[in-house]
Amino acid sequence: MSGKDYVEKDYYKVLGVPKDASATEIKKTYRKLAREFHPDANKGDVKAEDRFKDISEAYDVLSDEKRRKEYDEARTLFANGGFRSGGPGNGNHSFDFGDLFSGSQGGGGGGIGDVFGGLFNRGGTRQAQPRRGADVETEVTLSFEEAVDGATVPLRMTSQAPCRTCNGTGARTGTTPRVCPTCVGAGTVSRGQGAFALSEPCRDCRGRGMIVDDPCPDCHGSAKATSARTMQVRIPAGVQDAQRIRLKGKGAQGERGGVSGDLYVTVHVDTHPVFGRKGDNLTVTVPVTFPEAALGGTIEVPTLNGPSVKLKLPAGSANGLTLRARGKGATRKDGTRGDLLVTVEVAVPQAVTGDALTALEQYREATASDDPRAALFRAAKGA
Ligand SMILES: [Zn+2]
Ligand SMILES: [Zn+2]
């Protein structure tokens, strides 16, 4: 049973009882549903089997007075968006978060355990716990080719890491910090009483819970060191301009054995003078002559970082027709490549002279009876 289940699953809905249903009502409803969906009565019906599991799980929690109370509190807390420290009702609950949410710790990839971990770290009650390193944001500019094929780029990062001299304790080598007598290691002290108690960082230890009598000479007791490091970071093939990629574990180092944070890199991609990009496909515009478009032929087309390809241009190709050179596009995540989309553009010569002019005039005479605008005028008249 994980805390996540508590938040995501509506056990009342599963049983179809109201939230204030009595224990007797819950029991009665459960028995009825259990009979109906019991696997023995529904041989091989997977849906019924799943439903039976859900019903049993819901009943396990709702039939136990203590667990039902915890479940109700967890859901109320979430429904209220209730993680704000010091919010109403957060003060004196008897609710055991540790038990409830321990199930989702280490499940990989954040979740409720992390949220609660963060909450309690801020509250200062778990100063000695490992702390995950901070996430770090940075930007990088790639050339068009690098974005298409992927690239390993150096990223210079400055970060706050635990001081190496004192291993992040802040105390001179050979000495150890002592527990702060004011807050007894909690890092926070309470002022006021009962419902109006305020928790604030302990002044004597500045919220750290420990006091360093003989500070480390390198970090002056701060326990931190600013380190600049240059990392070689692999940007996967196929990134798009403005895409933000996450590099797990490449952020700031954790404290007290905690895992490192993540590095988020926003990628900017330069444009290319010839090629464009449409998802996994590359685009290029290729000029063709009028005879090539009209009579057809083979055209040679450049590719990005590769030998050119020859494409067959069909006779009667219209201006703007797009041909496809398979596998000459951008690299996809799975290593396959997109296509190169080749748009043909019929080039019109700025000046025609000599034999070409004579031939073109003959062509005009030979096609004088073809009116290219006849269909246009018919359509304009609404025929
Ligand atoms: Zn203190
Ligand atoms: Zn130090």
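Residue positions are given per chain, counting from 1 as you read along its sequence in written order. The order in which chains are written sets their letters, starting at A; the order in which ligands are written sets their numbers, starting at 1. Under the rules for a predicted model, residues below a pLDDT of 70 receive no local features and side-chain atom pairs below 80 are neither given nor counted, while totals for whole chains, interfaces and linings still include all residues. Computation of side-chain values: all heavy atoms of the structure, hydrogens and water removed.

**Q** What's the story with the coordination of the zinc ion (ligand 1) in this structure? I'm lost.
**A** Tetrahedral coordination by four donors places them ideally at 109.5 degrees to one another around the metal; octahedral coordination by six donors ideally gives 90 or 180 degrees. Donor atoms from the polypeptide that bind the zinc ion (ligand 1) are Cys180 (SG), Cys183 (SG), Cys202 (SG) and Cys205 (SG), placed at 2.2 to 2.3 Å. We call an atom a donor if it is N, O or S and sits within 2.8 Å of the metal, or 3.2 Å for Na, K and Ca. Water is not counted, so some sites may look partial. Here a site with four donors is tetrahedral if all angles are between 85 and 135 degrees, and a site with four or six donors is square planar or octahedral if opposite donors are over 155 degrees apart and the other angles are between 65 and 115; anything else gets the irregular label. Given four donor atoms and angles of 103 to 118° at the metal, the environment of the zinc ion (ligand 1) is assigned as tetrahedral. In terms of primary sequence, the donors binding the zinc ion (ligand 1) are separated according to C-x2-C-x18-C-x2-C. Here the residue Cys183 occupies a position in the loop between strand 3 (178-179) and strand 4 (188-191), and Cys205 occupies one in the loop between strand 5 (198-201) and strand 6 (210-211), the gap between them amounting to 22 residues. Pair check on accessibility: Cys183 and Cys205 agree, each one buried. Put simply, DSSP marks the helices as runs of H or I at least four residues long and the strands as runs of E at least two long, and each gets a number from the N terminus on. Summary of the burial criterion: residues with accessible area below 20% of their type's maximum are buried, those above 50% are exposed, and those between are partly exposed, where the area comes from a 1.4 Å probe applied to protein chains only.

**Q** In this structure, what is going on with the packing of aromatic side chains? I would like to understand it.
**A** Each aromatic ring pair is specified by the distance between its two centres and by the angle formed by the two planes. Only rings of Phe, Tyr and Trp enter the pairing, Trp through its six-membered ring, and a pair is recorded when the two centres are within 6.5 Å. The plane angle decides the type: under 30 degrees is stacked, over 60 is edge-to-face, the rest tilted. All chains considered together, the criterion is met by two aromatic pairs. Plain terms: the ring middles of Tyr30 and Tyr59 are 3.8 Å apart, the flat faces sit at 5° to each other, and that makes the pair stacked. Taken together, the residues span a long stretch of sequence, with Tyr30 in helix 3 (residues 23-37) and Tyr59 in helix 4 (residues 46-62) at a distance of 29 residues. In terms of burial, Tyr30 and Tyr59 fall into one category: buried. Ring centres of Phe290 and Tyr363 lie 5.9 Å apart, and the angle between their planes is 70°; on these two criteria the pair is classed as edge-to-face.

**Q** It is not clear to me how the coordination of the zinc ion (ligand 2) should be interpreted in this structure. Could you clarify?
**A** Ligation of the zinc ion (ligand 2) by protein atoms is provided by Cys163 (SG), Cys166 (SG), Cys216 (SG) and Cys219 (SG), these donors lying 2.2 to 2.4 Å from the ion. Each of the four donor atoms bound to the zinc ion (ligand 2) contributes to angles spanning 101 to 114°, and the resulting shape is tetrahedral. For Cys219, a relative accessible area of 7% gives the class buried.

**Q** Hey, could you run me through the sheet that holds strand 9 (residues 263-269) in this one?
**A** The strands making up a sheet associate through hydrogen bonds between their backbones, and the pairing can be parallel or antiparallel. The pairing criterion is simple: DSSP has to find at least two bridges between the two strands. Across the sheet, three strands lie side by side as 1-9-8; this open sheet has mixed pairing. Each end of this open sheet is capped by a strand with a single partner; those strands are strand 1 (136-142) and strand 8 (244-247). Between one strand axis and the next, the sheet turns through 30° on average, direction left out of account. Sheet topology note: the strand 1/strand 9 ladder contains seven bridges and is parallel. Between N-to-C directions, angles cover 0 to 180 degrees, with each direction set by a line fitted to C-alpha atoms, over the stretch in contact for helices.

**Q** How should the sheet that holds strand 15 (residues 340-346) be read in this particular structure?
**A** Strand order across the open sheet formed by four strands is 10-11-15-14, with mixed pairing between neighbours. The open sheet terminates on both sides in strands that have one partner only, identified here as strand 10 (276-278) and strand 14 (322-325). Between one strand axis and the next, the sheet turns through 35° on average, direction left out of account. Pairing between strand 14 and strand 15: four bridges, direction antiparallel. From the neighbouring strand, Ala325 faces strand 15, where its bridge partner is Leu340.

**Q** Quick question: what am I supposed to make of a nonpolar patch on the surface here?
**A** Nonpolar side chains collect at one region of the surface, where Val179, Val184 and Met210 lie side by side and expose about 280 Å² of accessible area between them. Along the chain, Met210 turns up in strand 6. Judged by relative accessible area, which is 36%, Met210 ranks as partly exposed. Without a salt bridge and with relative accessible area above 30%, a residue can belong to a patch; like charges are then joined within 9 Å and nonpolar side chains (Val, Leu, Ile, Met, Phe, Trp, Tyr) within 5 Å. Surface accessibility follows the Shrake-Rupley procedure with a 1.4 Å probe radius. Residue values consider only the protein chains on display as shielding. Here a salt bridge means any side-chain nitrogen of Lys or Arg lying within 4 Å of a carboxyl oxygen belonging to Asp or Glu.

**Q** What's the story with helix 4 in this structure? I'm lost.
**A** In this analysis, the expected span of each helix is defined as 1.5 Å times one less than the number of residues it contains. A rise of 1.5 Å per residue sets the reference length of helix 4, with its 17 residues, at 24 Å; its end C-alpha atoms lie 24 Å apart and thus fit the reference within 8%. Listed in full, the buried residues belonging to helix 4 are Ala48, Phe52, Ile55, Ser56, Glu57, Ala58, Tyr59, Val61 and Leu62.

**Q** Looking at this model, I keep getting lost on the nonpolar core. Mind explaining?
**A** Across soluble globular proteins, nonpolar side chains have a tendency to be buried as a group. Think of a nonpolar core as a cluster: buried Ala, Val, Leu, Ile, Met, Phe, Trp, Tyr and Cys residues, connected wherever their side-chain atoms sit within 4.5 Å. Grouped together as the largest cluster of nonpolar side chains are 20 residues, with contacts concentrated most on Val284, Ile299, Val301, Leu311, Leu323, Leu340 and Val342. Secondary-structure elements contributing two or more residues to this core are helix 8 (144-149), strand 11 (281-288), strand 12 (297-303), strand 13 (306-313), strand 14 and strand 15. A total of four residues in this core trace back to one element, the largest contributor, which is strand 11. Contact between two residues is taken to exist if any of their heavy atoms lie within 4.5 Å; hydrogens are not considered. Those residues in contact with Val301, other than ones at most four positions away along the chain, are Val284, Val286, Ser308, Val309, Leu311, Leu340 and Val342.

Read these as geometric descriptors, not functional statements.
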